[in-house]
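Working through the structure, step by step
So the chains spell out like this:
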Amino acid sequence: MKNRTDQILLIAFVLTLAAYLVMFANCFSQFPINASPLLQFLILYFHAIPMFLIQLLLFRLSKPWWRKLLPFLPMLVVGLAFLRISEWHILGWILVLWWCAAPIAGCTLAWAVYGFGRLYRKGDIHDA
């Protein structure tokens, strides 16, 4: 880790990912699924936070550009596995896209934050 900010990002990522995994395991540990509306909301949208944090950390630490795309690999693997299990039906596509919307939004927000941070350090925003 280069500095304290990187350590804070890593710790925050691990904590939020652990919280998401606990919520996910709690939701799907019993069948039939009887999750509260709050838990359903968190299962669908909370994983944007760990994705934002890991993407921002990768932007700060990784040099080759392709390493910045690593957060998309688990989504791709799980999404393709789910689509295969659902036999590529349209409902499977809708569910995968709905599940992937929050992490993609988190990654996109991290790209924007990192880009604005670079512009700010260069001085382009100060001149406006």
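Up top is the structure these notes are about.
The present account deals with the structure reproduced in this document.

What counts as what
Residues numbered from 1 in each chain as written. Predicted model: local features only at pLDDT ≥ 70, side-chain atom pairs only at ≥ 80, totals over all residues. Heavy atoms only, no water. Core = buried A, V, L, I, M, F, W, Y, C linked by side-chain atoms within 4.5 Å. Buried < 20%, exposed > 50% of the residue type's maximum accessible area, 1.4 Å probe, protein only. Helix = DSSP H or I, 4+ residues; strand = E, 2+ residues; numbered from the N terminus. Contact = heavy atoms within 4.5 Å. Salt bridge = Lys/Arg side-chain N within 4 Å of Asp/Glu carboxyl O. Phe/Tyr/Trp six-rings, centres within 6.5 Å; stacked < 30°, edge-to-face > 60°.

Moving on to the nonpolar core. One finds L9, M51, F52, L53, I54 and L56 to be the most contacted residues of the largest nonpolar core, which totals 17 residues. Contributions of two or more residues to this core are made by α1 (4-28), α3 (48-61), α4 (72-85) and α5 (90-122). Examining the composition of this core, we find that eight residues originate from one element, α3, more than from any other. What L56 contacts, discounting residues up to four positions off in sequence, is L9, A110, V113 and Y114. In this structure, M23, L39, I43 and F46 belong to the second largest nonpolar core, which totals seven residues.

This part is about the environment of T5. Of note, T5 is situated in helix α1. For T5, a relative accessible area of 39% puts it in the partly exposed group. When the C-alpha positions of T5 and F52 are compared, they lie 14 Å apart, and in sequence the two are 47 residues distant.

Considering all chains together, one arrives at one salt bridge under this definition. Among the salt bridges present, the one from R60 reaches D6, with a minimum N-O distance of 2.5 Å. Of this pair, R60 sits in helix α3 while D6 sits in helix α1, placing them 54 residues apart in sequence. For R60, a relative accessible area of 30% translates into the label partly exposed.

Time to look at the packing of aromatic side chains. In this structure the tally under the stated criterion is four aromatic pairs. Where F59 meets Y114, the ring centres are 4.9 Å apart and the plane angle is 15°; that geometry is what we call stacked. Here Y114 lies in helix α5 and F59 lies in helix α3, a separation of 55 residues in the sequence. Note on F59: relative accessible area 14%, which makes it buried. For the pair W88 and W93, a centre-to-centre distance of 6.0 Å together with 45° between the ring planes defines the contact as tilted. For W93, a relative accessible area of 38% gives the class partly exposed.

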